[in-house]
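# Breakdown of the fold
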Amino acid sequence: MIPGAFEYHRPASVDEAIALLSRHGDEGRVIAGGHSLVPMMKLRLAEPGHLIDLQGLDSLRGIQQAGRCIEIGAMTTQQEVAASELLAEVCPILREAALLIADPQVRYCGTLGGNVANGDPGNDMPAVMQCLDASFVLRGPKGEREVPARNFYEAAYFTARAEDELLTAVSLPIPPAGHGYAYEKLKRKVGDYATAAAAVVLIMNGGTCESASIALTNVGQTPLFAEAAGQTLVGTKVDEAAVAMAVEAAKGIAEPVADMRGPEEYRTHVTGVMVRRAVERALARAQA
Amino acid sequence: MSKIPVKMTVNGRAVDELVEPRLLLVHFLRGKLNLTGPHVGCETSHCGACTVDLDGMSVKSCTVFAVQAEGAEITTVEGMANADGSLSALQEGFMQEHGLQCGYCTPGMIMRAHRLLQENANPSDEEIRWELSGNLCRCTGYQNIVKAVRYAADKLNAQREAAE
C-alpha cells in the first residue's frame, strides 16, 4: 500500500504552518503523529497534495498548569499524557484513557491534538474532553479562538475547525480534588476502536452527587456528551435506581452503526454496560 | 514529485539519501539501505513486525514517512548485536527460550523489547505482555517470547550488578 504523491513541508513556526494551510486550502493537511493520517493515505482514503509536518514546532508540546486550568500542547503524545505526573495527580482520567488507545508504538507517535482534531468517531480523547468540558484552541490567519469540545464535532470527520486553522492546544478546567472518574472501553483487541466507551467524572458531597458528567465514544457520528444521563445522577446517592436511569438515558442518545464490532442493538447495549461500569468505578473513587 | 534530501543515523552510520516524500520509512530501510530486518507485515499499523527504535521510541516504520525521520537516530535489529559480533542478551534470550518459530515477528519483538528494557529494567511478566501488545506473533502463543524477554532482563541485571 503506497500513498499518493505529495509535497512535503516542515514549517519552523506556527505562523508559517498557518500560512501553508491558507495557501493550499483543501489540498493541505497537517501531520502530527501521523498514525491516523498515514494509514488513511495508504488506503488512498486521504490524498493530500501538500503535507505540512508539525514536528518542528516545539511550542506545541508540553503540559502546563495555569491557575485552575491545564493546557496541553497539540503535539503532546499519548505516551507523554500517560506518563505525566501532573496529569496523574490532577486529572487522572487522561492517563486512564490514553493507555487504552492503540498500543505502545502508536502512543509514542500519536498526539492529543491529532486525536481530538481528526474528527474520527473512533478516537477516544474527544469524549474524554467533552466529559471534562475542555476547549480547543484554534489559530488561523485572523487570530485565535477557543471552541468548547462539546460544540466542536459536527459529523464524522467534520469539525468546527476551519480549513486554514490549526488546533494548537487543549485547555481544560481542573476537576475538583476528590472527584471520581473512569474511562471504560470495550474493544475486541489491542489496537481496535471501541465497540462502545464511556467517560465519567463524578463529584460527590456528603454522599450526594453534586455534579456528574458523562460522554460516549464511537456510538454516533461524533462523540456524544450525554448531558441528560449525567443530570439523572445529580442530587442522588448514585444508587441502583439512579444508575439505571443514567444508563437508559445514555443508551437513548447512542446511535451506533452496525459494523464488524456488532449490530446496532449490541453496541447500544454495550454503551449501557460501559456507562454503568464507569459510573460505579467513578463512584468508588470519589471522595464522599 | 521531486525528491528531497534526508539525513539520519541508522545503526550508528550516517545516511544521506534523496527520497520521494511518500516513501515509507520501512521501504527506505529495506529498499535503500538493504536493512531487511524490519518486516512489512500487515501494512496497517497493527502487527509491529516493522518496529524500529527511533530517537528512543519504538515506532512502526510502516506508518512513518522517511522524510519525517530527518535527523533521527534509528536502530534496527541489524544494529542489535554486541560490538564483538556476539548476540545481545535479547537475541540470546529469543534463541535460548525458543522465542520464535517462523521468525517473521522477531525483529519487531526484539526492537520493542529493547526499548521496554531501556525504560524498565525489571518488568513483570504482566508488564512484558502489556508493553509487547503492539506486536503480533502467530506461532508461539507468546509464552516463550515473554520468557525470552525475562531471560534478557535477568542477564542484563546480573551484568549490571557484577559491574557495580
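Let me sum up the structure you'll find in this document. None of the values given here were measured: they were computed from a predicted structure.

## Quick look at helix α5 (residues 143-163) of chain B
Compared with the 30 Å implied by 1.5 Å per residue over 21 residues, the 31 Å span of α5(B) between its first and last C-alpha is a close match. Along α5(B), the positions that sit buried rather than exposed are Ile145(B), Val146(B), Ala148(B), Val149(B), Arg150(B), Ala152(B), Ala153(B) and Asn157(B).

## Quick word on unusual backbone geometry
Residue and element names in this part refer to chain B. If you check the backbone angles, Asn11 has positive phi at about 50° while not being a glycine. Mapped onto the elements of the fold, Asn11 is located in the loop between β1 (4-10) and β2 (13-19). When its relative accessible area of 27% is taken as the criterion, Asn11 is described as partly exposed.

## Considering the sheet that holds strand β2 (residues 28-31) of chain A
Residue and element names in this part refer to chain A. Judged by pairing direction, the sheet is parallel, and its three strands sit side by side in the order β1-β3-β2 without closing on themselves. This sheet does not close on itself; its edge strands, each paired only once, are β1 (7-9) and β2. Strand-to-strand twist across the sheet, computed as the mean angle between neighbouring axes with direction ignored, equals 25°. Bridging between β1 and strand β3 (residues 50-53) involves three bridges; their strand directions are parallel. In the sheet register, His9 faces β3, and the bridge partner there is Ile52.

## Re a nonpolar patch on the surface
Residue and element names in this part refer to chain A. There is a patch of nonpolar side chains on the surface, built from Met1, Leu43 and Leu45 and spanning about 290 Å² of accessible area. Residue position: Met1 is located in the segment before β1. Residue Met1 is classed as partly exposed on the basis of its relative accessible area, which comes to 32%.

## Brief notes about the interface of chain A and chain B
The partner chain B presents 32 residues to the 33 residues of chain A that form the contact. A buried area of about 2600 Å², summed over both sides, lies between chain A and chain B, and 60% of it is on carbon and sulfur atoms. Looking only at chain A, the three residues that lose the most surface to chain B are Phe6(A), Gln105(A) and Tyr108(A), adding up to 25% of its buried area. Across the contact surface, chain A and chain B share one salt bridge. Here Asp103(A) ties to Lys60(B) by a salt bridge, and the two come within 2.5 Å at their closest N and O atoms. Counting the contacts that link chain A with chain B gives 11 residue pairs in polar contact (both at pLDDT 80 or more).

## Focus on the pattern of salt bridges
All names here are of chain A. Taken as a whole and judged by the stated rule, the model has 22 salt bridges over all chains. For the salt bridge of Arg276 with Glu280, the shortest nitrogen-to-oxygen distance reads 3.6 Å. Pair noted here: Arg276 and Glu280 are both in helix α12 (residues 264-285), with a separation of four residues, about one helical turn. For Arg276, a relative accessible area of 25% corresponds to the partly exposed category. When its relative accessible area of 41% is taken as the criterion, Glu280 is described as partly exposed.

## Here's the deal with the pairing of strand β4 (residues 57-60) of chain B
One ladder, built from four bridges, connects strand β3 (residues 51-54) of chain B with β4(B); its direction is antiparallel. Of the residues in β4(B), the one forming a bridge with Thr51(B) is Lys60(B).

Cut-offs and rules
- Residues numbered from 1 in each chain as written.
- Chains lettered and ligands numbered in written order.
- Predicted model: local features only at pLDDT ≥ 70, side-chain atom pairs only at ≥ 80, totals over all residues.
- Heavy atoms only, no water.
- Helix = DSSP H or I, 4+ residues; strand = E, 2+ residues; numbered from the N terminus.
- Expected span 1.5 Å × (residues − 1).
- Buried < 20%, exposed > 50% of the residue type's maximum accessible area, 1.4 Å probe, protein only.
- Pairing = 2+ DSSP bridges.
- Axes fitted to C-alpha atoms, helices over the stretch in contact; angles between N-to-C directions.
- Patch = residues over 30% accessible without salt bridge, like charges linked within 9 Å, V, L, I, M, F, W, Y side chains within 5 Å.
- Areas by Shrake-Rupley, 256 points an atom, 1.4 Å probe, with all protein chains shown as cover.
- Salt bridge = Lys/Arg side-chain N within 4 Å of Asp/Glu carboxyl O.
- Contact = heavy atoms within 4.5 Å.
- Buried area = accessible area lost by both parts, 1.4 Å probe.
- Polar contact = N/O pair within 3.5 Å; in protein donor to acceptor, adjacent residues only side chain to side chain.

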